[in-house]
Structure formats: C-alpha cells, structure tokens
Amino acid sequence: MADIESATAQKLLKAFMQFRKTGWHEKKIGGYNPSEFKVLAAIQQGANEKNDEMKLSEISQRLQVTPPTVTQIINILEKDGLVERAIDPEDRRAVKIKLTQAGMEATAKAKNRFTEKFTGLIDYLGEEESEQLADLLDKVHHYFHEQRH
C-alpha cells in the first residue's frame, strides 16, 4: 500500500488540489452557470430525440436531480426568455418545457464555448496525451466510485 507521505502521494494530492482551485467546473459557460447550461443542453438533446418539448420530470431524470431543483432552474431560464412552459394537454399535472428561439441560440453558443475549451485542451496537450488523460481520469472516476460502495 502506498504511503501518504511518499513523494508520489504528495504530488498527486497537490495536483488534485490545484485542479480543484482552478474552478473550471464552476465557471460560467457562454454566460450561464453550469446547472443552467446542463438544463438547456438536456432540453435541446431531448427535443432532438423526440419533439421540441420535454416534461419537467424527464429533464429531472436525465440530469439525475430532483424535480424541485429543475423547477428552480427553469424559473430562471423562463425569466430570461430562454424556455417556455406549457401544461401537457394529455396529462394536466405535467408541465412541458421547450426552448425559445433565444434559448436555442443561447444553447448553441454555450455549447460552442464549452467545446472550444476542450478542443483547446487537446491542442495544448496533443492527441496522445489527451487520450492518456481521458483514460487516466476514467480510471480515477472508477476508483473513487468503487470507494463509495
């Protein structure tokens, strides 16, 4: 078993701490916070798969968050004119959400910015190191996932 005082353990710990401090996962994407971006992207993806609307419950399931959390985000996006709500005529208890034209444009713009960050990283690291990093991060995720059980 590795020693926490070893140079490797210290280097790994420092790298994780530095990575967290960058806040890359908390920064706005195209002007939207990460949770707003995820909801916009989920609605767009869901709309592309079936029609132009998604039930609030479907968005919640897709993102694996509670319906009240999605409702709060939808309230913000609706106020900003990015989404519209409508009662489902087949199930009056269900609310359907769809992107407005402004929402479609904002989502496309945010997705482009998000993609640019990762293609920039690939340009910076190169294809081979990017592949290695993706493989290593996948292993790290698997390791920490297994530690929860």
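Here's what I pulled together on the structure shown here. Predicted model only: the values in this text are computed from it and were never measured.

**Description of the overall build of the protein chain**
Here comes step 1: Assigned secondary structure in the protein chain consists of 6 helices and 3 strands.
Here comes step 2: Counting from the amino terminus, the protein chain carries its helices and strands in the arrangement α-α-β-α-α-β-β-α-α.
Here comes step 3: The C-alpha atoms of the protein chain give a radius of gyration of 20 Å, which is well past the 15 Å a tight globule of 149 residues would have.
Here comes step 4: Each principal axis of the C-alpha distribution contributes one length, and for the protein chain these read about 65 × 35 × 25 Å.
Here comes step 5: By residue count, 25% of the 149 residues in the protein chain fall in the buried class.
Here comes step 6: The contacts in the protein chain between residues at least 6 apart in sequence include a share of 44% that link residues at least 24 apart.
Here comes step 7: Put simply, the protein chain shows about 11,200 Å² of open surface, and 55% of that area lies on carbon and sulfur atoms.

**With respect to the environment of Lys139**
Here comes step 1: Positionally, Lys139 belongs in helix H6 (residues 127-147).
Here comes step 2: A residue is classified by how much of its surface remains accessible, and Lys139, at 61% relative accessible area, is exposed.
Here comes step 3: Taking the C-alpha atoms as reference points, Lys139 and Trp24, 115 residues apart in sequence, are found 20 Å from one another.

**Regarding a nonpolar patch on the surface**
Here comes step 1: Together, Phe19, Trp24, Phe114, Phe118, Leu121, Tyr124, Leu133 and Leu137 make up a nonpolar patch on the protein surface, roughly 800 Å² of accessible area in all.
Here comes step 2: Those elements giving two or more residues to the nonpolar patch turn out to be helix H5 (101-125) and H6.
Here comes step 3: For the nonpolar patch, the element with the most residues is H5, which contributes 4 residues.
Here comes step 4: With respect to the helices and strands, the residue Leu121 is situated in helix H5.

**A look at the packing of H5 against H6**
Here comes step 1: Put simply, H5 and H6 touch, their axes get as near as 6 Å, and they point 115° apart. The crossing of H5 and H6 is right-handed. Counting all contacts with H5, which are made through Leu121, Ile122 and Leu125, the residues of H6 involved are Glu127, Glu129, Ser130 and Leu133.

**So, the environment of Leu56**
Here comes step 1: Along the chain, Leu56 falls in helix H3 (residues 56-63).
Here comes step 2: Distance in space between the C-alpha atoms of Leu56 and Leu40 is 12 Å, their sequence separation being 16 residues.
Here comes step 3: In contact with Leu56, not counting residues within four places along its chain, are Pro67, Val70, Thr71, Ile74, Val95 and Ile97.

About the thresholds
- Each chain carries its own residue numbering, running from 1 in the direction its sequence is written.
- Reporting in this predicted model follows two pLDDT cut-offs: at least 70 for local features of residues, and 80 or more for side-chain atom pairs to be given and counted; totals over whole chains, interfaces and linings ignore these cut-offs and use all residues.
- With hydrogens and water stripped out, all remaining heavy atoms of the structure feed into the side-chain values.
- Secondary structure elements follow DSSP: runs of H or I of four or more residues count as helices, runs of E of two or more count as strands, with numbering from the N terminus.
- We take the radius of gyration over the C-alpha atoms and set the globule estimate at 2.2 Å times the residue count to the 0.38 power.
- When a residue's accessible area, from a 1.4 Å probe over protein chains only, is under 20% of the maximum for its type it is buried; when over 50% it is exposed; and in between it is partly exposed.
- Note on contacts: a residue pair is in contact if any heavy atoms of the two residues lie within 4.5 Å.
- Per-residue accessibility takes into account occlusion by the displayed protein chains alone, with areas from the Shrake-Rupley method and a 1.4 Å probe.
- Excluding any residue in a salt bridge, patches collect residues exceeding 30% relative accessible area, merging like charges within 9 Å and nonpolar Val, Leu, Ile, Met, Phe, Trp and Tyr side chains within 5 Å.
- Basic side-chain nitrogens of Lys or Arg form a salt bridge, by our definition, when they fall within 4 Å of a carboxyl oxygen of Asp or Glu.
- For every element, the axis is a line fit to its C-alpha atoms; helices are fit only across the contacting stretch, and the angle between N-to-C directions ranges from 0 to 180 degrees.
- In this scheme the crossing of two helices becomes right-handed for a clockwise turn of the near helix relative to the far one and left-handed for an anticlockwise turn of less than a right angle.

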